[in-house]
Each structure stands twice: as C-alpha cells, then as structure tokens.
There are 2 protein chains.
Amino acid sequence: MATTGTRGNTRELVLDAALASFGTAGYDGTSLDDLAAGLGIRKQTILYHFVSKRRLLDSVVDRCAGELVTALERVLVESRTGGGTDWERVEAMVREVFRLALDQPVLLGLLREVSRPNSPGAVRVRIHLEPLMARARRWMEDEMAAGRMRRTDAQLLLLSAYSTVVGVATEIEVLRAAGVGPTLRPVVQRRGELLRFLRRSLDPAASL
Amino acid sequence: MATTGTRGNTRELVLDAALASFGTAGYDGTSLDDLAAGLGIRKQTILYHFVSKRRLLDSVVDRCAGELVTALERVLVESRTGGGTDWERVEAMVREVFRLALDQPVLLGLLREVSRPNSPGAVRVRIHLEPLMARARRWMEDEMAAGRMRRTDAQLLLLSAYSTVVGVATEIEVLRAAGVGPTLRPVVQRRGELLRFLRRSLDPAASL
DNA sequence: AGGGTTTTCTACCAGATGGTCAGGGTCCCT
DNA sequence: AGGGACCCTGACCATCTGGTAGAAAACCCT
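Just so it is clear, the structure is predicted and the values come from calculations on it, not from any experiment.

## Topic: the overall build of chain A
Move 1: The helix and strand inventory of chain A stands at nine helices and zero strands.
Move 2: Shown N-terminal to C-terminal, the secondary structure of chain A runs as helices and strands in the order α-α-α-α-α-α-α-α-α.
Move 3: In terms of overall dimensions, chain A has a C-alpha envelope of 65 × 35 × 35 Å along the principal axes.
Move 4: Out of the 208 residues in chain A, the part that is buried amounts to 44%.
Move 5: If you take every contact in chain A between residues at least 6 apart in sequence, the share linking residues at least 24 apart comes to 71%.
Move 6: When the accessible surface of chain A is summed, it comes to about 10,700 Å², and 57% of that surface belongs to carbon and sulfur atoms.

## Here's the deal with the interface of chain A and chain B
Move 1: Facing 33 residues of chain A, the contacting portion of chain B comprises 33 residues.
Move 2: Area buried by chain A at its contact with chain B is led by R112(A), R116(A) and V174(A), which between them contribute 17% of it.
Move 3: At the junction of chain A and chain B, the tally comes to zero salt bridges.
Move 4: Our count for the contact surface shared by chain A and chain B stands at five residue pairs in polar contact (both at pLDDT 80 or more).
Move 5: The element best represented in the side of chain A that touches chain B is helix α8 (residues 154–177) of chain A, accounting for 13 residues.

## Some remarks on the side chain of R116(B)
Move 1: Looking at the element boundaries, R116(B) is found in the loop between α6 (105–114) and α7 (122–145).
Move 2: In this structure R116(B) is buried but unpaired, with E113(B) as the nearest side chain of opposite charge at 4.0 Å.
Move 3: The residues touching R116(B), leaving out its near neighbours within four places in the chain, are T24(A), A25(A), G26(A), R112(A), E113(A), D28(B) and A122(B).

## Considering the relation of the copies chain A and chain B
The relation between the two chain copies is a rotation about an axis coupled with a shift along that axis.
Move 1: Under the fitted operation, chain A is carried onto chain B by 0.0 Å of movement along the axis and a turn of 179°, and the coordinates agree to an RMSD of 0.1 Å. One copy is carried onto the other by what is essentially a two-fold rotation axis. No C-alpha of chain A approaches the rotation axis more nearly than that of G167(A), which lies at 2.1 Å.
Move 2: Taken as a fraction of all interface residues of chain A, those also at the interface in chain B reach 100%, which identifies the copy contact as same-surface.

## What about the protein's contact with DNA strand C?
Move 1: Taken together, 16 residues lie near DNA strand C, and K53(A), T10(B), Q44(B), T45(B) and H49(B) sit nearest.
Move 2: Atoms of DNA strand C within 4 Å of the protein: sugar and phosphate make up 53%, bases the balance.
Move 3: Between DNA strand C and T10(B) there is a distance of 2.6 Å, counted from a phosphate oxygen to a side-chain nitrogen or oxygen.
Move 4: Separating a phosphate oxygen of DNA strand C from a side-chain N or O atom of Y48(B) is a distance of 3.2 Å.
Move 5: Sorting the residues of the surface near DNA strand C by element identifies α3 (43–50) of chain A together with α3 (43–50) of chain B as the ones contributing at least two each.
Move 6: In the surface near DNA strand C, the residues fall into four nonpolar, eight polar and four charged.

The rules behind the values
- Residues numbered from 1 in each chain as written.
- Chains lettered and ligands numbered in written order.
- Predicted model: local features only at pLDDT ≥ 70, side-chain atom pairs only at ≥ 80, totals over all residues.
- Heavy atoms only, no water.
- Helix = DSSP H or I, 4+ residues; strand = E, 2+ residues; numbered from the N terminus.
- Buried < 20%, exposed > 50% of the residue type's maximum accessible area, 1.4 Å probe, protein only.
- Contact = heavy atoms within 4.5 Å.
- Areas by Shrake-Rupley, 256 points an atom, 1.4 Å probe, with all protein chains shown as cover.
- Buried area = accessible area lost by both parts, 1.4 Å probe.
- Salt bridge = Lys/Arg side-chain N within 4 Å of Asp/Glu carboxyl O.
- Polar contact = N/O pair within 3.5 Å; in protein donor to acceptor, adjacent residues only side chain to side chain.
- Lys, Arg positive; Asp, Glu negative; His and termini not counted.
- Least-squares fit on C-alpha atoms with pLDDT ≥ 70 in both.
- Near = heavy atom within 4 Å.
- Nonpolar A, V, L, I, M, F, W, Y, C, P; charged D, E, K, R; others polar.

Geometric descriptors of this kind do not, in isolation, establish any biological role.
Shown next, in the form of structure tokens:
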C-alpha cells in the first residue's frame, strides 16, 4: 500500500483525470501511461478498471451524460410542480445547461473534443443524446399540436440549439486560451441570443 | 515512375491532404504514413519537403493564414477606394471571413483544431493573427479618437469577434456531423448577430 | 552523353503506445 | 486458518510513431 488510502474510489479518480486530459489534450493526445503517472498508479490499473482506452472514454462520456440527464430531469420536475408555461420550462432547461457548463469548465473541453467529426466518442454521445432529443421533439410536437407552442420544425430547432451550445463551449475555451479570464459577458450574451431565438420560435405569446 | 506526372506540385498536394487530415482527425490523430499512403507516396517524401510533422502543420497554417490575409487585404483596398464609412468597411471584412469559411469548409476543421488550448498549432496561428489584431486595434482606436467610431474596449471587442467566428466554425462542423447538410440558416443567423453586435458597439449612427 | 541538382525511395531505428499475462497483496467471509 | 474475490503491479509484446542515412531515380543544363 504505497498509495494513500484511496482504496475504493480509484475508478472515480481515473475518470476525473481522464475527463481533464481528454478535454485538454484530446483523445489521441492522451497516453494511458501519462494518465496513470499523474495519479501515481500504473497503466495496468487503469486497464483493469476500464478494459481499454476506448472504453475509458466511453465511461467518461457516460458519467458526464448521466450528470446532464440528472440535472435536466431535476429541473424538469421542479418546473413541472411549479406549474410554469411551456416557454418557462424551456428557458429553465437552457439556463441549467449553461449553469452546468460554467460550473464545470472541464465538461466544455470534453464536449468540444467529442463533438468533432470522426471522434471516437461521438457515437457514444449520440447514444445518450438521441433519446433526450427524441423525447424533447415529441413533447414539442405535442405542444404544437395543442396550440400551446408556435409551430416550427422541432428537429431542426433542437439541433440548432445543440450546436449553439457546442459553439459557445468552444468560444469560452478560445477566450480562456487568449487569457481572457472568467469573463461572463460573452456567455451571458450568447445565452440571451439563444433564449431570444427559442422564444421567437416557440412562445405563442411572444411578440413579432 | 510509378507515380503520375505530378512532378512539380507534390508540396501543394501534401499541404492539401494535411489540411484535410489535421482538420478532421486532428494533429495527433494524423499519421505521416497514412497521409503519404493516401497520396500514393512514401512518408519520407513528406519529410523531405517539410522536415518534420510539426513544421508540416506550421506550413499548413501559414498557407491558410496567407490566404486569409490576402483576402482581407483585397476587401480592405476595395472598400477604401469605394469610400465607404468605417462601419461599412468592418461589415465587408466580416462578410469576407464568413464567405471564406463557407467556401472552404476544411478551413473550419483546421481552425477548430488549432484554436484548442495546448494545440501545437496555436502559437503559429497567434503569430499570424497578432499583427492583424494589433493593426485593427490601432485603427479602431484612431477612429474612436477622431469620433468616427463609438468608444469601446477595442481589444476586447476584437477578441469577442474572433471567438465568435471560431464558435461558429465549431457550430457548422457539429451540424455537418449531425447530418444537417449545407444549411446556411444558422450561419447567416450568427453572422447577423455578430454584425448587429459590432454595429451597436461601433457605429456612431446606430440607434440604441 | 554526362555531371549536378532535385526529388523520391528502400532500409532501418529508438521510443512510445495500447494491450496481455501471470503473479502478489489485501480484505472479507466462513 | 484458509479460500476466494477484488485490486494492483512488473515483465513483456506487437505495433505504430516520427525521424535518419544513404542510395536510386528523374530532371536539367551544357
């Protein structure tokens, strides 16, 4: 027992380090040896827990997606019991996503890495996001049919929102790289634009 | 002479292929062997022309930055002889950048790869962009002093515009990965937002 | 035709990478 | 005490990586 008493949570520690490394150095730029060295363990330990590098990435994605889903679920329940309008519910979800991204900046790195075409993690992300998207689409279409929401192409709208979030993630990282500290302004601005766009598209009570 | 008569332009062919590969697979994800195989040549031929992988990336960045500078220079000259207002000149530049990005989507991939924190190409990009930025900043500050432009933090404004462009690049790539074809709408929308933002910040004749 | 330059190739290398295998330590349960 | 499950590790491996050395073409000029 050279290591400190981290007996039970090696898995989590590896996941944390992997998230950071995948997010900053990229998947190809991450070596299991380096990752292990940074944790004071041997590469074989990582492989014991995660079988292969690829599946380590999958596990990282899984955990992050899980957090996202949990957070969204929570917001959804809250806003439902709160009894807001459709539009208020959408707004709460968007705000939650941005809050999550700002609270855990490492997520932005992973999202960026993983949303690259040809990324090995892209498929895994899709697996998690697709049911979310499908569910949102069905809900929106129902609301539209009931006249509580303005009619648009739900699929395209969701995709547009998603790509906006990814774009914002990249933006924040670029600004950080340029030395601009935790300036909230650009993020808030983008969020405002996204919300305005969604409101225009969805809220039947919105002007214009 | 197993190869076709491409005698003189191997360099350019390699640069093209490298641009595509760096943009899609990333720097680490690109192997010189694969790159060469795709061109029907041997890896050593690439190294003969570019000395090292790192300097190949530099050369790719150099060429792209060169194209950008040339294009901007041209727009600048045109709009100067055309005798437009400051604001019209800014708008023309922004439109040119977006046009370039849409004409050559591969550039987006490279920009995305290279504007990642810790990217080996980041420094090279900075080398090319810094004089451009400095020049724009000086110009803007002069115009502000002369009262032809609304007063703001020029540096921050430029950085914000730059990060927006990078963000848009990412957005487009994400949409493409999601199977959304050459839908122009999101791009045009973002461009509109950027232009509106710049106009609000710069144009003394702008309302609000 | 022939010498010199430019371009491309074959052969090879040291290091790193992801991954396998078998063993050893620690804990818990009976 | 002892057997098994869990966790970790050292030794090892095949493969791929960017990069070097030197020879063989291909080209160019006279």
